[in-house]
Amino acid sequence: MAREPEPAAGAANNLPRPLRWLLCTLHCIPIGIASTRPDGVLEYVNPRLSAMTGHAPHELIGQRVDAIRCAADGTRLDQLWPLLLARDQWDGEVRYRDRAGGFLPVLESICAVREPAGSIAGLVHFVQDMTSHRLVESLRRLAFYDGLTGLPNRALVEDRLSLAIAHGQRHHSSFAVLCIDMDRFKQVNDNLGHAVGDQLLAAVGQRLHGCLRAGDTLGRWGGDEFVAIVEDVRQGGTLRAVAERLLSTGAQPYPIGDWKLSITLSIGMSLYPQHGRDSRALLAAADAAMYQAKAAGGNSWRVQPPG
């Protein structure tokens, strides 16, 4: 490098160069760092942790870390001591108290530093603010998951369908696209109200999801219609077994409030690559087959002959 880094404080000017580098690193690293004695008394707080909590370092040094570390039962420092003695490290979620009295959710790692003889000389706390991570996760769920059922929404289903097509092209494998519609669902909304209809939709979605394998996808397409992507199937027994499991979800009543509701389903299926090699063709074929099942009275499934 062209020049050495600026020292973190004026008092560091006389330190050897390696120690100045270490101090600069501690001051610049983008997560909170604190060191404590074995009894939990703070001996060092870096600027990032100071900024996170709003407390100046000199306000914290000499205080017990419990003054800002608000741990639930089982994660207090004294309760973690046996684990630190055995493993030298603990990781978990706790809260840190800021200067205004609020609470900040953080991911904390505590590492034990040992003397040459083996006893614990102190602890180093690495503290990462989880607020931004939770905000990102919340926005991701709003963008890609249905708020009523918790299932993938239309955008995420379309994305996973594109991935399934790419996988099928590379590995010359087949998968099925299913359009699943609840028969006569409008009568539930008209007779019992939309609140009951919403609860029924959520319950049906969970049961349908339980019928599929871990690698399959079930999403809410809109209204009372769901779309499933069932990986690695053939038109024979596997596809029939999936359809029959899905149809059986209405066999047992759904307890919704004071009601016990029964439902039937109409299911249309298309297969990659027989019914198409792109999302639009596969969805159109499955949708057309679903309407054939519905026209036949519902509570059934259909697969269109390849066009």
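Above this note sits the structure.
Let me sum up the structure you'll find in this document. In this numbering scheme, every chain counts its residues from 1 along its sequence in written order. Totals for whole chains, interfaces and linings use all residues, but because this is a predicted model, local features are given only for residues with pLDDT of at least 70 and pairs of side-chain atoms are given and counted only at 80 or more. Each side-chain value is worked out from all heavy atoms of the structure, with water and hydrogens disregarded.

## Considering the side chain of N153
- Mapped onto the fold, N153 is located in the loop between α5 (131-144) and α6 (154-171).
- Relative accessibility under 20% of the residue-type maximum defines a buried residue, over 50% an exposed one, and the middle range a partly exposed one, all with a 1.4 Å probe and only protein chains included. Overall, N153 belongs to the buried group, its relative accessible area being 15%. Going along the chain from the N terminus, every DSSP run of H or I of four or more residues is numbered as a helix, and every run of E of two or more is numbered as a strand.

## So, the nonpolar core
- One finds L178, I180, M182, L200, F226 and L246 to be the most contacted residues of the largest nonpolar core, which totals 33 residues.
- Elements with a minimum of two residues in this core: β7 (175-182), α7 (185-192), α8 (194-211), β9 (225-231), α9 (237-247), β10 (254-256) and β12 (265-272).
- Among the elements that make up this core, the one with the highest residue count is α8 (six residues).
- Not counting residues up to four positions away in its chain, the partners in contact with M182 are L200, L201, V204, D224, F226, I263, T264, L265 and K294.
- In this structure, L77, L80, W90 and Y96 belong to the second largest nonpolar core, which totals 21 residues. Nine residue types can take part in a nonpolar core, namely buried Ala, Val, Leu, Ile, Met, Phe, Trp, Tyr and Cys, and a core is a set of them joined through side-chain atoms within 4.5 Å. Only heavy atoms enter the contact rule, under which two residues are in contact if any of them lie within 4.5 Å.

## Some thoughts on the pairing of strand β13 (residues 300-303)
- DSSP bridges decide pairing: two strands pair if at least two such bridges lie between them. In this structure, β12 lies alongside β13, joined through four bridges in parallel fashion. Opposite S266, over in β13, you have S300 as the bridge partner.
- The handedness rule is simple: strands pointing away from the viewer, and a clockwise path from the first strand over the helix to the second, make the crossover right-handed. Traced from β12 through helix α10 (residues 279-295) to β13, the parallel crossover comes out left-handed.

## With respect to the side chain of S270
- On the secondary structure map, S270 appears in strand β12.
- Residues adjacent in sequence count toward polar contacts only when both atoms are side-chain atoms; beyond that, a polar contact is any pair of N or O atoms within 3.5 Å, and within protein one must be able to donate a hydrogen and the other to accept it. Separated by 2.7 Å, the side chain of S270 and the backbone oxygen of L282 make a polar contact.
- Not counting the four nearest positions on each side in its chain, S270 is found in contact with F175, A176, V177, H275, L282, A285 and A286.

## Quick look at the packing of aromatic side chains
- The criterion for an aromatic pair is that two Phe, Tyr or Trp rings (for Trp, the six-membered ring) have centres within 6.5 Å, with stacked assigned to planes under 30 degrees apart, edge-to-face to planes over 60 apart and tilted to the rest. Following the criterion strictly, the structure yields one aromatic pair and no others.
- Pairing F175 with Y272 gives two aromatic rings, centres 5.1 Å apart and planes at 10 degrees, and the pair type is stacked. Of this pair, F175 sits in strand β7 while Y272 sits in strand β12, and the two are 97 residues apart along the sequence. By the burial criterion, F175 is buried, and Y272 matches it.
- Either the NZ atom of lysine or the CZ atom of arginine qualifies as a charge over a ring when it sits within 6 Å of the ring centre and within 35 degrees of the ring normal. A cation sits over an aromatic face here: R95 above F103, 4.2 Å from the ring centre.
- Taking NZ or CZ as reference, R207 lies 3.6 Å from the ring centre of Y254, over its face.

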